[in-house]
There are 2 protein chains.
Amino acid sequence: MTDTFVVIGGDAAGMSAASKAKRDDPDREVIVFEKGEWVSYAACGMPYYVKGAVDELDDLVTVTPEEFREERDVDLRTGSEVVGIDPEERTVTVETDGETSEQPYDDLLVATGASAIEPPFEGLELEGVFTIHDMDEADAIEDYVTDHGPETAAIVGGGYVGIEMAEALSARGVDVHLYEMLPHVLQPFGEAVAEVVEDHLREQGIELHLETAVSGFDGDERVDCVELEDETVPADIAIVGVGVTPNVELAEAAGIELGPTGAIATDEYGRTNLENVYAAGDNAEATHVVTGEPDHVPLALTANRAGRAIGQTVTGNSTPTGGTAGTAIVKAFDLGAARTGIVDEDQAREADFDPVSVSISASTRAHYYPGGAELTVTLVADRESGELLGGTVVGREGAKRIDTVATALTAGMTVNELQNADLAYAPPFSPVWDPILTAAKVLAGKLE
Amino acid sequence: MTDTFVVIGGDAAGMSAASKAKRDDPDREVIVFEKGEWVSYAACGMPYYVKGAVDELDDLVTVTPEEFREERDVDLRTGSEVVGIDPEERTVTVETDGETSEQPYDDLLVATGASAIEPPFEGLELEGVFTIHDMDEADAIEDYVTDHGPETAAIVGGGYVGIEMAEALSARGVDVHLYEMLPHVLQPFGEAVAEVVEDHLREQGIELHLETAVSGFDGDERVDCVELEDETVPADIAIVGVGVTPNVELAEAAGIELGPTGAIATDEYGRTNLENVYAAGDNAEATHVVTGEPDHVPLALTANRAGRAIGQTVTGNSTPTGGTAGTAIVKAFDLGAARTGIVDEDQAREADFDPVSVSISASTRAHYYPGGAELTVTLVADRESGELLGGTVVGREGAKRIDTVATALTAGMTVNELQNADLAYAPPFSPVWDPILTAAKVLAGKLE
């Protein structure tokens, strides 16, 4: 008798778990139910498809359904929606083409992902108004731009999606207006990053509307304007990207507990409160490496890593899902912006730290070596312990240097320890003191 | 009565110490003796001056003598060679313009640097034969290339200097032959890097002569050929870059102890065996963060950091000089190659580790995102403890990702911890699993 590992959801967390379980225990029965037709796709790549930098939507698929079935021997059932979980009987109820069936499980992974938030806007149903959170939507945006050649776009939300879509539509020749309710774009990156990015967006011709609430869209079948508090601005296409919300209805109905963030609560192995039921990916919490508290960070690496770990755990090799530092990076035209850990001082105080921060700007290369760019680095630390809490970087090159800070957070380093890290130097790659080290040096001085 | 801090040597370590001491304690008398005229210059930038990527030799100077004297208030005495140290009397003997004088010190820093090794070659004295370890030599090479327009170059030594000079002379239109005694170039980077670099050097038209010993040069006043064991190859210019040796004669004569590497032995504060006498930079040892043993790593960051720390220590703020991981990065035409920690398995075994290593190649960006390059990553760990020992990377972009590994070494992370680092992902910057994480994942699998 073989155990059955059932996975609900065929994207990053689900397919990573299924593949890893099958690889580590080929005798294991592994069934994945995916309600749509796309699996294992790079949602983060969708703006680049719209932009025209990626030729085919299929290019965003990492592993095709056929490869999962034939090469990885995963019983992948697309077009199959799980509508119920019975933890007593250890079964899930599945709807496929209008037919309902029961599937028993020994281990279950809930990897239902997240959905784009739909704010209570008038006119969301108009043609030409899109959210962007699945492949069909990306396809529809691309088609709409190609078919209707919009002149003006309204992008609502200045987070990753908003900024990436601003770049994408701008590259397609559309005049872009970006609306953000808060005083700055990229709120989780802090002001030092936001100011550099905002200047650059304006240079690139993006019309920024900060501290501006959108109330809806108007038009005759097709959108033709965006409604603000006391103004109406023309818009031939609108993209709403104001964040995502975890898909937890199915889990909640089955008695799976949610955590403080509203996503599914899990332990360090991705286990929920129900026996043999795991959760991972954009619907689940992860432990923050700095605070040790649950956090909801719906990002690809966290999902992949947790899925993979659960694939190992259910096949007998108990593996922690790994924490999150909330590390993120985004391209904004010619800039890269990145963040990790706790950047916001209020958030640091809520987690009982006494935050001290510095921002410095330094060149990415030796001062005399051609081609360098200014990198602005912000680091935050706890005054008493010197523990590094987080950081950001922004510049025309070198944004991946955030990884140094993220690694330091994972290791629990102090600013002083980071200051002494032996980073690589040669004139074409860095000044003698890498900008990260310079920031650490200045912050260490402030902590003395 | 003010204490006098005397520094011997006006480059990275010496000027960092002098500047920091003066900054932290403006009343302190700080005297630097430099035998030459150049101070605080970027030796690492010299190949780029010869190449033509840097216009003026003066561009390589970080801080000018005038700035040190006027803005930083350091009593900098160029053209002044310290020829003796009397630790009993706490004085140094200085020769300036043929005059000899005694200078008392309260604290003394020996920062005499290193010199290019001159192998026992015939014909080293010929015109057109150069080593490259100071600014005057870089100037002389540039002049020689400009004045004589050499057609063919012989570069002896396949380390950083050799490879950087190969690129530089190639850019000046010279046919370059590179001679290396060992089976591979860039020996400290290991085979995985060397093979990628060698292929690329050949693609770029460099004639590689591996496992080839040079016995000397010949010519009539000016060099016209390089002599091998059983062959003579034309060469209108020759550059010898076979490594450096620490300048320790002055220190030895004063009774300062050397360590196992032949450089000056120091404790974690840069102190030598003599009271109030410090050493830092290319003439001194540093503690290796992985082995905890003394090592000699004559690189700029180590020198700057140790100098700066000693500047703090002598002004009452005792500061460790920081360890070294032997991190290094080099540009070889379109490639970046980098290393950190212990890469060589034999060296790992000598340090009582049981090394396990992997090499993987992965793209620097999402597979569908344009412009990515293959990055080859090697990681080495100890089998029993899982402790990370070292790593290398090589590729057309992303070589600075070595910093993630270097930071992990500084923090003493295991491979498993590194595998769980929350590194940044977005399609233009990385695949979901950064190549460093992929390598850690594969290595962790091998350790299980």
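Predicted model only: the values in this text are computed from it and were never measured. (Residues numbered from 1 in each chain as written. Chains lettered and ligands numbered in written order. Predicted model: local features only at pLDDT ≥ 70, side-chain atom pairs only at ≥ 80, totals over all residues. Heavy atoms only, no water.)

Trainee: Whenever I open this one, the overall build of chain A confuses me. Can you help?
Mentor: Helix and strand counts for chain A stand at twelve helices and 25 strands. On C-alpha atoms alone, chain A measures out to a radius of gyration of 23 Å, which is about the 22 Å that the 2.2 N^0.38 rule sets for 448 residues. Taking all 448 residues of chain A together, the buried fraction comes to 57%. Put simply, 62% of the contacts in chain A that link residues at least 6 apart link residues at least 24 apart. Surface summary for chain A: the accessible area is close to 17,500 Å², and the carbon and sulfur share equals 41%. Of the charged side chains in chain A, 26 are positive and 87 negative, and the gap between their average positions amounts to 10 Å. (Helix = DSSP H or I, 4+ residues; strand = E, 2+ residues; numbered from the N terminus. Rg over C-alpha atoms; globule rule 2.2 N^0.38 Å. Buried < 20%, exposed > 50% of the residue type's maximum accessible area, 1.4 Å probe, protein only. Contact = heavy atoms within 4.5 Å. Areas by Shrake-Rupley, 256 points an atom, 1.4 Å probe, with all protein chains shown as cover. Lys, Arg positive; Asp, Glu negative; His and termini not counted. Charge placed at Lys NZ, Arg CZ, Asp CG, Glu CD.)

Trainee: What is the right way to read the nonpolar core from this model?
Mentor: It is characteristic of soluble globular proteins that their nonpolar side chains tend to be buried jointly. In terms of nonpolar packing, the biggest core is built from 93 residues, with Leu169 and Val197 of chain A touching the most fellow members. Sort the elements by how many residues they give to this core and helix α12 (residues 435-447) of chain B lands first, with seven residues. Setting aside residues no more than four positions away along its own chain, Val197 of chain A makes contact with Ile163, Val185, Leu186, Ala332, Leu335, Ala337 and Val394 of chain A. Among the nonpolar cores identified, the runner-up in size contains 49 residues, and Ala366 of chain A together with Ala168, Leu169 and Ala337 of chain B belong to it. (Core = buried A, V, L, I, M, F, W, Y, C linked by side-chain atoms within 4.5 Å.)

Trainee: What should I look at first to understand the packing of helix α1 (residues 12-24) of chain B against helix α8 (residues 300-313) of chain B in this one?
Mentor: Packed helices, taken two at a time, are described by the angle their axes make and the gap between the axes. All names here are of chain B. Contact geometry for α1 and α8: axes closest at 7 Å, N-to-C directions at 30°. On the basis of their axis angle, the class for α1 and α8 is roughly parallel. α1 and α8 meet at a crossing whose hand is right-handed. Residues Ala12, Ala13, Ser16, Ala17, Lys20, Ala21 and Asp24 of α1 form the contact with α8, whose participating residues are Ala303, Asn304, Gly307, Arg308, Gly311 and Gln312. For the contact of α1 with α8, the class distribution of residues is five nonpolar, five polar and three charged. (Axes fitted to C-alpha atoms, helices over the stretch in contact; angles between N-to-C directions. Parallel < 35°, antiparallel > 145°, perpendicular 65-115°, else oblique. Left-handed = near helix turned anticlockwise from the far one by under 90°. Nonpolar A, V, L, I, M, F, W, Y, C, P; charged D, E, K, R; others polar.)

Trainee: Explain the interface of chain A and chain B here, please?
Mentor: How big an interface is tends to be reported as the loss of accessible area on association of its parts. In this assembly, 63 residues from chain A lie in contact with 62 residues from chain B. With both sides pooled, the region where chain A packs onto chain B buries about 5,100 Å², and carbon together with sulfur makes up 63% of that total. Here chain A and chain B share two salt bridges between them. The salt bridge involving Lys400 of chain A is made with Asp434 of chain B; its shortest N-O contact spans 2.7 Å. Where chain A packs against chain B, one counts 26 residue pairs in polar contact (both at pLDDT 80 or more). Here the side of chain A that touches chain B takes eight residues from helix α10 (residues 402-411) of chain A, the largest share from any one element. Of the residues contributing to the side of chain A that touches chain B, the split by class is 33 nonpolar, 18 polar and twelve charged. (Buried area = accessible area lost by both parts, 1.4 Å probe. Salt bridge = Lys/Arg side-chain N within 4 Å of Asp/Glu carboxyl O. Polar contact = N/O pair within 3.5 Å; in protein donor to acceptor, adjacent residues only side chain to side chain.)

Trainee: Mind showing me how you'd approach unusual backbone geometry here?
Mentor: Glycine aside, negative phi is the norm for most residues, and most peptide bonds take the trans geometry. Residue and element names in this part refer to chain A. A positive phi angle is found at Asp352, which is not glycine, with a value near 70°. Take Asp352: it is sitting in the loop between α9 (345-350) and β23 (355-363). Assessed through its relative accessible area of 71%, Asp352 is described here as exposed.

Trainee: Help me understand the sheet that holds strand β4 (residues 80-86) of chain B in this model?
Mentor: Whether parallel or antiparallel, the strands of a sheet pair through hydrogen bonds between backbone atoms. Residue and element names in this part refer to chain B. Pairing in this open sheet of three strands is antiparallel, and the strands run β4-β5-β6 from one edge to the other. Of all the strands in the sheet, the pair left with one neighbour each is β4 and β6 (99-104). Strand-to-strand twist across the sheet, computed as the mean angle between neighbouring axes with direction ignored, equals 25°. By the bridge criterion, six bridges tie β4 to strand β5 (residues 91-96) in an arrangement that is antiparallel. Across the sheet, Gly84 pairs through a bridge with Thr93, a residue of β5. (Pairing = 2+ DSSP bridges.)

Trainee: When you look at the pattern of salt bridges in this model, what are you seeing that I'm missing?
Mentor: Pairing between side chains of opposite charge can happen when their charged atoms approach one another. All names here are of chain B. Tallying each qualifying case throughout the model produces 40 salt bridges over all chains. The partner of Asp75 in a salt bridge is Arg77, and the shortest N-O contact between them spans 2.8 Å. Residue Arg77 is classed as partly exposed on the basis of its relative accessible area, which comes to 30%. Taking the shortest distance from any N to any O, the salt bridge between Arg90 and Glu275 comes out at 3.6 Å. Of this pair, Arg90 sits in the loop between β4 and β5 while Glu275 is found in the loop between α7 (249-253) and β18 (277-279), placing the two residues 185 residues apart along the sequence. Classification of Arg90 as partly exposed rests on a relative accessible area of 26%. Judged by its relative accessible area of 60%, Glu275 is exposed.

Trainee: Sorry, what's going on with the relation of the copies chain A and chain B here?
Mentor: One copy of the chain maps onto the second through a rotation about an axis and a displacement along it. Superposition record for chain A on chain B: RMSD 0.0 Å, screw rotation 180°, translation along axis 0.0 Å. Here the transformation between the copies is reduced to the relation of a two-fold axis. The rotation axis passes nearest to the C-alpha of Thr404 of chain A in chain A, at a distance of 2.5 Å. Mapped onto chain B, 97% of the interface residues of chain A again fall at the interface, so both copies present the same surface. (Least-squares fit on C-alpha atoms with pLDDT ≥ 70 in both.)

Trainee: Help me understand the environment of Ser430 of chain A in this model?
Mentor: Among the secondary structure elements, Ser430 of chain A is positioned in the loop between α11 (415-419) and α12 (435-447). A residue is classified by how much of its surface remains accessible, and Ser430 of chain A, at 0% relative accessible area, is buried. Separated by 61 residues in sequence, Ser430 of chain A and Tyr369 of chain A have C-alpha atoms that sit 9.3 Å apart. Apart from residues lying up to four places away in sequence, Ser430 of chain A is in contact with Thr364, Arg365, Ala366, Arg401, Ala424 and Tyr425 of chain A together with Lys400 of chain B.

Trainee: Can you help me understand the environment of Phe68 of chain A in this one?
Mentor: Residues and elements named next belong to chain A. With respect to the helices and strands, the residue Phe68 is situated in helix α3 (residues 65-70). For Phe68, a relative accessible area of 1% gives the class buried. Put simply, Phe68 and Ala284 are 216 residues apart on the chain and 24 Å apart in space, counted from C-alpha to C-alpha.

Trainee: In this structure, what is going on with the sheet that holds strand β24 (residues 374-382) of chain B? I would like to understand it.
Mentor: Residue and element names in this part refer to chain B. With antiparallel pairing, five strands are arranged side by side in an open sheet as β21-β22-β25-β24-β23. Two strands bound the open sheet, and with one partner strand each, they are β21 (328-332) and β23 (355-363). For this sheet, the mean angle separating the axes of adjacent strands, direction not counted, is 10°. The pairing of β23 with β24 spans nine bridges and is antiparallel. Among the inter-strand pairings, Val358 is bridged to a residue of β24, identified as Leu379. Against the sheet, helix α10 (residues 402-410) makes contact with β22 (335-341), β24 and β25 (388-395), and its axis sits at roughly 170° relative to β25, the strand it touches most.

Trainee: Just checking my understanding: could you explain helix α6 (residues 190-203) of chain B for this structure?
Mentor: For an α-helix, the turn length of 3.6 residues means that residues three or four places apart are oriented alike. Residue and element names in this part refer to chain B. If you check α6, its first and last C-alpha atoms are 20 Å apart, about what 14 residues at 1.5 Å a residue would give, namely 20 Å. Buried within α6 we find Val193, Ala194, Val197, Glu198, His200 and Leu201. Looking straight down α6, one finds its buried side chains confined to an arc of 165°; they lie on one side. Next to the buried residues of α6 lie α5 (160-171), β11 (175-179), β12 (207-209), β21, β22 and β25. Looking one or two places after α6, you find Gly205, whose phi comes out positive at around 90°. (Expected span 1.5 Å × (residues − 1). Arc of directions from axis to C-beta.)

Trainee: Would you explain α1 of chain B in this entry?
Mentor: All names here are of chain B. Between the first and last C-alpha of α1 there are 18 Å, a value that for 13 residues agrees with the 18 Å anticipated at 1.5 Å per step. The buried count for α1 comes to ten of 13 residues, which makes it a mostly enclosed element. Listed as buried for α1 are Ala13, Gly14, Met15, Ser16, Ala17, Ala18, Ser19, Lys20, Ala21 and Lys22. Where α1 is buried, its residues contact β1 (4-8), β2 (29-34), α3 (65-70), β3 (75-78), β7 (107-110) and α8.

Trainee: Mind showing me how you'd approach the UniProt feature "domain: Pyridine nucleotide-disulphide oxidoreductase dimerisation" (unreviewed entry) in chain A here?
Mentor: On the UniProt side, "domain: Pyridine nucleotide-disulphide oxidoreductase dimerisation" (unreviewed entry) is annotated at positions that read residues 329-432 of chain A here. Structurally, residues 329-432 of chain A is divided into 20% helix and 36% strand, and its ends, taken at the C-alpha atoms, are 25 Å apart. (UniProt positions renumbered as here; feature names shortened; annotations may be inferred.)

Trainee: Please clarify how the domain arrangement of chain A should be interpreted in this entry.
Mentor: Residue and element names in this part refer to chain A. The domain boundaries assigned to chain A delineate domain 1 (4-115 + 245-313), domain 2 (118-242) and domain 3 (336-447). Distance from the C-alpha centre of domain 2 to the C-alpha centre of domain 3: 32 Å. Taken together, the two surfaces of domain 2 and domain 3 that pack against each other cover about 710 Å², and 69% of this comes from carbon and sulfur. Three residues, Phe189, Ala192 and Val193, lead the burial of domain 2 against domain 3; their summed loss comes to 53% of the area buried on that side. At the boundary of domain 2 with domain 3, the tally comes to one salt bridge. Close ionic contact of Arg396 with Glu203 constitutes a salt bridge, the shortest N to O distance being 3.6 Å. Connecting domain 2 to domain 3 are one residue pair in polar contact (both at pLDDT 80 or more). (Domains from an automatic or database assignment.)

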